[in-house]
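Chain and residue survey
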Amino acid sequence: MLAYLRHRTNLSATRAVTFAGLLLIVALGYGCRRSAANSQPKGFESPALHFSYPGNWKIASKTAEVESEQITLEGPDNLLIIITAFRHKTGVSLKEFAETVSDERTKNVEETFTVGGVQLTKQKRNDFEPLTIETARRKFRGLQEKFTLTLLGIDVPHLSAYMREQQGEVEVVYIIHGPEKDWPRVSKTFVKLAEGLKARVW
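Values in this document were obtained by computation on a predicted structure and should not be read as measured data. (Residues numbered from 1 in each chain as written. Predicted model: local features only at pLDDT ≥ 70, side-chain atom pairs only at ≥ 80, totals over all residues. Heavy atoms only, no water.)

1. Observations regarding the environment of Thr 135
For clarity, the cut-off: By the criteria applied, helices consist of DSSP H or I runs no shorter than four residues and strands consist of E runs no shorter than two, each listed in order from the N terminus. Counting of polar contacts relies on pairs of N or O atoms within 3.5 Å, with two restrictions inside protein: one atom must be capable of donating a hydrogen and the other of accepting it, and residues adjacent in sequence are counted only when both atoms are side-chain atoms.
Note that Thr 135 resides in the loop between β9 (129-134) and β10 (139-151). For the pair Thr 135 and Gly 196, spaced 61 residues apart in sequence, the C-alpha to C-alpha distance is 9.7 Å. Here the side chain of Thr 135 touches Arg 138 through a polar contact of 2.9 Å, landing on its backbone oxygen.

Below is the structure:
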């Protein structure tokens, strides 16, 4: 089960987090920012998931497997919320899931920014800390990781949070990611999204 989880879920989630972080650094370096204009809510419906999200966010990717479905939402300035639904309880601890994603992100960043054997970026990771996010539907208790990416002399502190809940037979895992300065925005979006999210067996 752990091998399946890493192959089908952790790696795809990690790549999404990694590339969003890299896009953010490039955007900061070159002054590019995506518009945050339209906030009219949109709806998402699939065999496994139903939820609403702000109009200035977009579905960046979606993958469906026999045992899992994953949706990546991208917000203004490359904020991310990644939702993965499993048909059954995985039996993998949230800490193990988070550590695997974090390790893969670190590896992917190093590989992406190594040219001719020279590593162009630095990463500093902190330990995971407990995190609680309260919504009208329930109180989420998970883990939060702080890390800093440095490229071209620019330090960009980031936060990634890992949350999980069980809805009937379906296990739902969330990754909430963004620069530390934008954490209030991405966490507020998560609260609204999670309040109305429904998961069902497909």
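2. Topic: the confidence of the model for the protein chain
Any region with low pLDDT has predicted coordinates that should not be read closely. What counts, and what does not: In predicted models, pLDDT denotes the confidence assigned by the predictor to each residue on a 0 to 100 scale. By definition, residues are in contact when any of their heavy atoms lie within 4.5 Å.
Taken over all residues, the pLDDT of the protein chain has a mean of 82, while the share at 70 or more is 81%. Below a pLDDT of 50 lies the segment residues 16-32, which in the model reaches 32 contacts outside its immediate sequence neighbourhood of four places, other chains included.

3. Here we look at helix α3 (residues 183-196)
In plain terms, the rule: By definition here, a helix of n residues has an expected span of 1.5 Å times n minus one. Between buried and exposed lies partly exposed: a residue is buried under 20% and exposed over 50% of the maximum accessible area for its type, with that area taken using a 1.4 Å probe on protein chains only.
The end-to-end C-alpha separation of α3 is 21 Å, in line with the 20 Å expected for 14 residues at 1.5 Å each. Those residues of α3 lying buried are Trp 183, Val 186, Ser 187, Thr 189, Phe 190, Val 191, Leu 193 and Ala 194.

4. Side note on the pairing of strand β4 (residues 68-74)
Here is the rule we go by: Strands were regarded as paired on the criterion that DSSP finds at least two bridges between them.
Within β4, seven of the seven residues are buried, which leaves the element mostly enclosed by the surrounding structure. Because side chains alternate across β4, one face comprises the buried residues Ser 68, Gln 70, Thr 72 and Glu 74, and the other comprises Glu 69, Ile 71 and Leu 73, equally buried. Two elements, strand β3 (residues 58-64) and β4, share six bridges in a ladder whose sense is antiparallel. What sits directly across from Lys 58, in β4, is Glu 74. The hairpin turn running from β3 into β4, its antiparallel successor, is three residues long.

5. Observations concerning the pattern of salt bridges
For the record, the criterion: For salt bridges, the criterion is a side-chain nitrogen of Lys or Arg within 4 Å of an Asp or Glu carboxyl oxygen.
This structure, assessed with the given rule, holds eleven salt bridges. Asp 182 serves as the salt-bridge partner of Lys 181, at 3.1 Å between the closest nitrogen and oxygen. Taking the relative accessible area as the measure of exposure, Asp 182 reaches 7% and is therefore buried. When the shortest N-O distance is used, the salt bridge between Arg 185 and Asp 182 registers 3.1 Å. Exposure remark for Arg 185: the relative accessible area of 33% places this residue in the partly exposed category. Taken together, the shared-partner salt bridges in this structure form one network comprising Asp 77, Lys 181, Asp 182 and Arg 185.

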